[in-house]
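Residue-level structure breakdown
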Amino acid sequence: MLILVVRHAEPEWSSDIEDPNNPPLTALGVEQAKITGQYINLLKNMNLTFNTVWHSELVRSIQTAELISEQLENTSHLYKQTWLNEVTLKDTSGIEEYTKNKGEEQFLSMSLDRWYEGLPGTENFTDHRENLLPNFYNSLKSFGVKKTSENTRNGVETVWDIETEENLIIVGHGGTNSVILTELLDIPFKPWSVLSFGIDHASIATIVSVPVDKHQLFRLHKLNDTHLLTPDKITR
């Protein structure tokens, strides 16, 4: 099984739009999403097709998913997953300055304790993860992927039972994708995981299932794959 965890393409962050928490894609973002879809479509040459695309209810995720789906030559079905929504931006007053520096100065100047509290004006990263996980696991189970465990000499380890032959595309956000990656790869989550992964707009993290005895594990094949995007079209 292949799971492609895609970040939405570049959004038009601005305090001038109707809902600063829910911006549409920029013209570059539209181009990024189309190129990502074209790249995924090329995987059909390796007999890899994707009939299911999950996206959040936020415009930037919806538009990215739709544009990717339009590039796929096979029939794909889009499903809205509200649990995929990004960490909520509660205070929009500093959005233009935040966008200008991409948040890097704000991120890097924070202590680890402050990361646990959350970024100024945003939902707490840890609370966001706890709200996301039950719905994530339920959605995976409905798709035919169930998280389970196995006792070993070193304790209980996470494994997966996979009953589907389908592949999956998840079009999420920097924060939500960081949670998904840590869960699938059984990596301890930290509030700064979003910074550790460093995921670019419209980039792909490719996750592959590998058999282990009666169960499966997930292996990271590629991270932050910007594939066909030229350097001038890569944004974060």
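The structure this text deals with has already been given above.
Below is a summary of the structure that appears in this document.

Another point: the overall build of the chain. The helix and strand tally for the chain stands at 8 helices and 8 strands. Summarising its shape, the C-alpha atoms of the chain cover approximately 55 × 45 × 30 Å along the three principal directions. Out of the 236 residues belonging to the chain, those deemed buried represent 51%. Partitioning the intrachain contacts of the chain with sequence separation of at least 6 by distance along the chain shows that 71% fall at a separation of at least 24. Accessible surface, the chain: about 11,700 Å² in total, of which carbon and sulfur atoms supply 47%. Averaging the locations of the 20 positively and 33 negatively charged side chains of the chain gives two centres separated by 5 Å.

Moving on, we come to the pairing of strand E5 (residues 155–162). Judged from the 8 bridges that link them, strand E4 (residues 145–152) and E5 form a sheet pairing that is antiparallel. Each bridged residue has a counterpart across the sheet, and for Lys146 the counterpart in E5 is Asp161. Taken together, E4 and the strand that follows it, E5, pair antiparallel across an intervening segment of 2 residues.

As enumerated under the stated definition, the model contains 8 salt bridges in all. A salt bridge links Lys44 to Glu73; the nearest nitrogen and oxygen atoms lie 3.8 Å apart. Pair noted here: Lys44 is in the loop between helix H1 (27–42) and strand E2 (52–55) and Glu73 is in the loop between helix H2 (59–71) and strand E3 (77–80), with a separation of 29 residues, a long-range link. Glu183 is the salt-bridge partner of Arg129, the closest N and O atoms lying 2.8 Å from each other.

What follows concerns the packing of aromatic side chains. Both the distance between ring centres and the angle between the ring planes are used here to describe each pair of aromatic rings. Enumeration over the complete set of coordinates arrives at 8 aromatic pairs. Judged by centre distance (5.5 Å) and plane angle (55 degrees), the ring pair of Trp83 and Phe136 falls under tilted. Linking Trp83 in the loop between E3 and helix H3 (95–100) with Phe136 in helix H6 (residues 125–143), this pair joins segments that are 53 residues apart in sequence. For the residue pair Trp83 and Phe136, the accessibility class agrees, reading buried in each case. Aromatic rings pair up to connect Trp54, Trp83, Phe136, Tyr137, Phe143, Trp160 and Phe218 into one cluster.

Mapped onto the elements, Asn177 comes out in helix H7 (residues 174–184). Each residue touching Asn177, except ones within four places of it in the same chain, is listed here: Val5, Val6, Arg7, Gly172 and Ile199.

So, how was this worked out
- Residues numbered from 1 in each chain as written.
- Predicted model: local features only at pLDDT ≥ 70, side-chain atom pairs only at ≥ 80, totals over all residues.
- Heavy atoms only, no water.
- Helix = DSSP H or I, 4+ residues; strand = E, 2+ residues; numbered from the N terminus.
- Buried < 20%, exposed > 50% of the residue type's maximum accessible area, 1.4 Å probe, protein only.
- Contact = heavy atoms within 4.5 Å.
- Areas by Shrake-Rupley, 256 points an atom, 1.4 Å probe, with all protein chains shown as cover.
- Lys, Arg positive; Asp, Glu negative; His and termini not counted.
- Charge placed at Lys NZ, Arg CZ, Asp CG, Glu CD.
- Pairing = 2+ DSSP bridges.
- Salt bridge = Lys/Arg side-chain N within 4 Å of Asp/Glu carboxyl O.
- Phe/Tyr/Trp six-rings, centres within 6.5 Å; stacked < 30°, edge-to-face > 60°.

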